[in-house]
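# Remarks on the overall topology
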Amino acid sequence: MKRALIIFAIVLTVLAMAAGGVAGWYVYTKQPQRSGALPLKNLSARVNVRFDERGVPHINADNDIDMYRALGYVHAQDRLFQMEMVRRLAQGELAEIFGPKLLDSDRLFRTLGIRDHAETVVANMDLQSPPAQALLAYLDGINQFQANNPAPIEFDLLKIPKRPFTPKDTVAVSGYLAYSFAAAFRTEPALTYVRDKLGPDYLKVFDLDWNAEGVLKAPPPTAALKSQDWQKLDQLAQVSREALATVGLPPFEGSNAWAVSGKRTASGKPLLAGDPHIGFSLPSVWYEAHLSSPGFDLYGHYQALNPMALLGHNAKFGWSLTMFQNDDLDLIAEKINPENPNAIWYQGQWVEMQSREETILVKGAQPVKLTLRLSPHGPIITDAFQSTLGSTPVAMWWAYLETENPILDAFYELNRANTLEKARDAASKIHAPGLNVVWANAAGNIAWWAAAKLPIRPENVNPSFILDGSTAEADKAGFYRFGDNPQEENPARGYIVSANHQPKPKSGVPVPGYYNLPDRVQRLNDYLRDDNVKWDLKNSQQIQLDSQTGYGPRVMRPLIPELAALVTDPLERSLLESLAKWDGNHSLNNIPPTIFNQFLYELARAAMADELGEAQFANLLETRVLDAALPRLAEDAKSPWWDNRSTPAIETRADILKVAWRATITHLQESLGKNATDWGWGNAHTLTHTHPLATRKGLDWLFNVGPFPAPGGRELPNNLSQSIGPAPWAVRYGPSTRRLIDFADPAHSLGINPVGQSGVLFNRHYQDQAQTYIDGGYLPQHLSAADVKENTRSTLTFNPAR
């Protein structure tokens, strides 16, 4: 018996070792190759790729085409699944691999028209132009890797078939980028609901810049939207909000960037800083690579399926981006012909809408047919949700679909823009989405261009609302000149700062948009305008990592006296006193930011949810207009929002404050603990890098990285941003990198990736920067030949295939 047990144990051990060996071999076959030699078809000469300590490839080639082909191969090694996901999202093909739960997302993206638009753009593309040749070589590198190597683990789990990547995929992904900027889906239905259902007194708290009604005379409700229409718009806003989050793909949310001239720096040369604020995901959005060939050298940050760096620098120049936040998308309610439901009233006559049919493949279910209609204003986006068909079709006018938008050419040129004139010309080719290009060079120039095609709308029309398509308010008379856009070149103040705030164009051209709070840019400006400071890489880090603005104290200032009269419990009074003295700092151990952010949510809910209903309130929570509305609401004791419509009494501000404070304390005690010493910001506010497969039960622990206690917060310079909502808070977006370049010594610039360079599970660079990032650390971005050589950890050589 004893002998049998021993034999059985040995057999189990051997089987376990065999299984472990098979698993180990399986994981090994999925890893990127970073050393040795590989044949690569279509190369004209050998290409050397040195990988540094962070897994960043430094590619050296004899010509640009070979360089881009090698970039495609090494990019795919680390990010093939990310590439597959973004092309499927942009073209409405996620349900094919995830099943019916992603059907609404696919419906939305098919309705946006990105897929059809990409086909048109590629058909008109000059494939012999240098940008197109670079794209084709890059895609060839991706496809050669995919064809000759095992598929990523995620492909196996989801049973994703391999398909070649094409220029259409790249163009479509630029549409996903533009869509992620578009706040109109979330904002315009909510604001229109407030205007049409609640009235102008309720609209006053929203900072809409000019006439809140959109025209000089108050217009009637937009095209008499009915309850079914509001349900559909609610669903549109919800799917728009959830589409990217569901599959772990990062939306572009905001950014900080500044350029300081040599007269304000310690080195006497310009200094460039940038940290684009993008949704956190795994892998992160940027793939870093240093490319060099005769006449070209650039350390860049690359997006999936794009061979042009969207952020970059070299020894002579560099640039960063922030989101312009201009409103380049209008929702337009169409008037239907009562005798012909396929005709709408447009410019004084009935016009037939065009239609086409598309098929969405759904894993585990029958294919879904989708009929898409197109009015003269644009796609009928409410066709995405035919199950809740209302009577009023809502069209989408979108600059991305209405402009030439040679964005591939723009960034090809920006990657080579070593002079002010070249950079300005490159920026002028960015039509949509709107981007602020902040640029500097070693020759001493600094500049900023708000790059976008700005539509000429009728005078006094406010596109913050759904427009009436049967009138002229939805018409566009063309686009303003690029020279009319907000921009600055070498301003006398000696610095430029861009933080998604509303610009003031010298041309006087109106620039409506969904801009972020001014508090963040004000904080940055307060630092940069200090004449007693000479800026360098060290003190610039302090600005990027700053976790304070005046927003919290600004909201609380008019409310503290009233709360002081309402709060009687000794412990709660001490918490209120700490909040009254709070300077707005969101450091890890600080308790007041936890109380404030919970109270902010409870205040919004108690004041607004009864008027809006749950669906519209949820949509409003995801908009930027709410951030600006809450301080205005706090200051106005007579606002109609204070009355709770669900009760017969007429509530005052004091009544709502009492409700909000009690709800705040109760929720924090239930979620974080009875003892307020456990309410430190780091206990309530955490960052987890989430993989698309983490929604599958049991896979989150394997693929996700985190959680990490996170400093910073919503609309702070260190914009590790959470939604307005109840504690605990998950960080949704924030600095997707932090870059600092001093052009006195650009070879020793600094940067950081939020999680790691590789998207391949179990790779050493899958999460090797995550702790450094959350701790506020920086790492070198090697540029000079000597530094690259010194920090090379392995070398991969591509040889022309025989």
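Read on for a plain summary of the structure. (Residues numbered from 1 in each chain as written. Predicted model: local features only at pLDDT ≥ 70, side-chain atom pairs only at ≥ 80, totals over all residues. Heavy atoms only, no water.)

## Structural notes on the overall build of the protein
Across its full length, the protein holds 26 helices and 30 strands. The C-alpha atoms of the protein give 27 Å as radius of gyration, which agrees with the globular expectation for 802 residues (28 Å, within 12%). Taking the principal axes of the C-alpha coordinates as reference, the protein spans close to 80 × 80 × 70 Å. Considering only intrachain contacts with a sequence separation of at least 6, the fraction spanning at least 24 residues in the protein is 72%. Surface accessibility of the protein: about 30,000 Å² in total, with carbon and sulfur atoms responsible for 54%. (Helix = DSSP H or I, 4+ residues; strand = E, 2+ residues; numbered from the N terminus. Rg over C-alpha atoms; globule rule 2.2 N^0.38 Å. Contact = heavy atoms within 4.5 Å. Areas by Shrake-Rupley, 256 points an atom, 1.4 Å probe, with all protein chains shown as cover.)

## Quick look at the nonpolar core
Residues Tyr 68, Phe 206, Phe 411, Met 608, Trp 641 and Phe 798 are the most contacted members of the largest nonpolar core, which totals 196 residues. Looking at this core element by element, the count peaks at 15 residues for helix α20 (residues 592-621). Once residues within four sequence positions are removed from consideration, Phe 411 is found in contact with Met 308, Ala 309, Leu 310, Trp 319, Leu 321, Ile 430 and Leu 435. One finds Trp 448, Ala 450, Ile 741 and Phe 743 within the second-largest nonpolar core, a separate group that totals 19 residues. (Core = buried A, V, L, I, M, F, W, Y, C linked by side-chain atoms within 4.5 Å. Buried < 20%, exposed > 50% of the residue type's maximum accessible area, 1.4 Å probe, protein only.)

## A look at the pattern of salt bridges
Scanning the entire structure with this criterion turns up 36 salt bridges. Between Arg 264 and Asp 531 there is a salt bridge, and its shortest N-O distance comes to 2.8 Å. Taken as a pair, Arg 264 in the loop between β4 (252-260) and β5 (271-279) and Asp 531 in the loop between α15 (518-528) and α16 (537-544) lie far apart in primary sequence, 267 residues in all. The residue Asp 330 makes a salt bridge to Lys 476 at a minimum N-O spacing of 2.9 Å. One end of the pair, Asp 330, is in strand β10 (residues 329-333); the other, Lys 476, is in the loop between β20 (467-468) and β21 (487-489), with 146 residues separating them in the sequence. Exposure remark for Lys 476: the relative accessible area of 21% places this residue in the partly exposed category. A single salt-bridge network, built from bridges that share partners, covers Glu 84, Arg 87, Arg 88, Glu 93, Glu 96, Arg 115, Arg 163 and Asp 169. (Salt bridge = Lys/Arg side-chain N within 4 Å of Asp/Glu carboxyl O.)

## Regarding the sheet that holds strand β18 (residues 435-441)
As summarised here, the arrangement of the eleven strands in space is β1-β30-β2-β3-β6-β7-β8-β9-β18-β19-β21, forming an open sheet in which the pairing is mixed. In this open sheet, the two edge strands, each paired with only one partner strand, are β1 (36-40) and β21. This sheet shows a mean twist of 20° between the axes of neighbouring strands, independent of strand direction. Pairing geometry for strand β3 (residues 57-60) and strand β6 (residues 287-293), over three bridges, is parallel. Following the sheet pairing, Asn 60 is matched in β6 by Ser 292. Contacting β1, β2 (47-51), β3, β6, β7 (296-302) and β30 (794-800), helix α2 (residues 64-91) crosses the sheet at an angle of about 160° to β6. (Pairing = 2+ DSSP bridges. Axes fitted to C-alpha atoms, helices over the stretch in contact; angles between N-to-C directions.)

## Observations regarding a positive patch on the surface
Side chains of Lys 101, Lys 159, Lys 363 and Arg 696 sit close together on the surface and give a patch of like positive charge. Structurally, Lys 101 is set in the loop between α3 (95-98) and α4 (103-112). What makes Lys 101 exposed here is its relative accessible area of 52%. (Patch = residues over 30% accessible without salt bridge, like charges linked within 9 Å, V, L, I, M, F, W, Y side chains within 5 Å. Lys, Arg positive; Asp, Glu negative; His and termini not counted. Charge placed at Lys NZ, Arg CZ, Asp CG, Glu CD.)

## Comments concerning unusual backbone geometry
In this structure, the amide linkage connecting Leu 282 to the following residue, Pro 283, adopts the cis form with an omega of 0°. Assignment of secondary structure puts Pro 283 in the loop between β5 and β6. Cis peptide bonds are those with omega within 30 degrees of zero, and the linkage from Ala 727 to Pro 728 qualifies with -5°. Summarising the element assignment, Pro 728 is placed in the loop between β24 (705-709) and β25 (729-730). You will see that Asn 460, though not glycine, has its phi angle at about 70°, which is positive. Looking at the secondary structure, you find Asn 460 in the loop between β19 (446-451) and β20. If you check the backbone angles, Phe 762 has positive phi at about 75° while not being a glycine. Tracing the backbone through its elements, the reader meets Phe 762 in the loop between β28 (748-751) and α25 (770-774).

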